[in-house]
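# Structural overview
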Amino acid sequence: MASDEETTFEQADAGASKTFPQQAGTIKKGQHIVIKGRPCKVMETSTSKTGKHGHAKINITAIDIFTGKKLEDIAPTSHNVDVPHVTRLDYTLLDISEDGFVSLFNSEAGTTKDDLKLPEGEVGTLIKDLFGAGKDVIVSVIAAMGGEAIVHGKEATK
């Protein structure tokens, strides 16, 4: 029996997962991990020995890659934790608008990006100062779990 209704899809993607599992005991400093649903960079790990009836546990201290907030997690070393797929791309800065949004150019793909805001603090100030001085600026954008942020800026080398 065929239905006259059409199926509509609100959103489409390639079906790729935003995270992948990794055994908690293999997580090291400098890697990325998901804590409380947020992508984080691991700053410190420590393991505790097995208890009378339990598993050895790993204590993970990490910094949220988008907010800079410190998060902690404890997991059995034999269990899996989620690790985000993190990508980092360099763009050429084209312009900074009055409302703080930046216009970026990806020379490899030949595309522009206009949906990111200049970060607050030291990184944003450095980028603004270099651009204001008329220098060519390269910014690094980190992307994970559907979010993106500018994390670094530097003067382009000729």
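Higher on the page you've got the structure.
Residues numbered from 1 in each chain as written. Predicted model: local features only at pLDDT ≥ 70, side-chain atom pairs only at ≥ 80, totals over all residues. Heavy atoms only, no water.

### Comments concerning the pairing of strand 5 (residues 70–76)
- Summarising the sheet, strand 4 (residues 57–64) and strand 5 pair through seven bridges and their orientation is antiparallel. Of the residues in strand 5, the one forming a bridge with Lys57 is Pro76. (Pairing = 2+ DSSP bridges. Helix = DSSP H or I, 4+ residues; strand = E, 2+ residues; numbered from the N terminus.)

### With respect to the layout of surface pockets
- Estimates place the volume of the largest pocket at around 470 Å³.
- Lining the largest pocket are 20 residues; nearest its centre among them are Asp64, Ile65, Phe66, Ile142 and Val151.
- If you list the elements that add at least two residues to the lining of the largest pocket, you get strand 3 (38–48), strand 4, strand 7 (86–96), strand 9 (111–117) and strand 11 (147–155).
- Top contributing element to the lining of the largest pocket by residue count: strand 11, with four residues.
- Within the lining of the largest pocket, the residues separate by chemical class into 11 nonpolar, three polar and six charged. (1 Å grid on protein atoms, 1.4 Å probe; cavity = no way out; pocket = protein on both sides within 12 Å on 5 of 7 lines; lining within 4 Å. Points joined across faces, edges and corners; volume = space filled by probe spheres on them. Nonpolar A, V, L, I, M, F, W, Y, C, P; charged D, E, K, R; others polar.)

### Regarding the sheet that holds strand 7
- Strand order in the open sheet formed by five strands is 9-8-7-10-11, with antiparallel pairing between adjacent strands. The outermost strands of the open sheet, each flanked by one partner alone, are strand 9 and strand 11. Across the sheet, the mean angle separating the axes of adjacent strands is 40° when strand polarity is ignored.
- Examined bridge by bridge, strand 7 and strand 8 (residues 101–106) share four bridges and lie antiparallel to one another. Counterpart to Thr92 in the pairing with strand 8 is Phe105. (Axes fitted to C-alpha atoms, helices over the stretch in contact; angles between N-to-C directions.)

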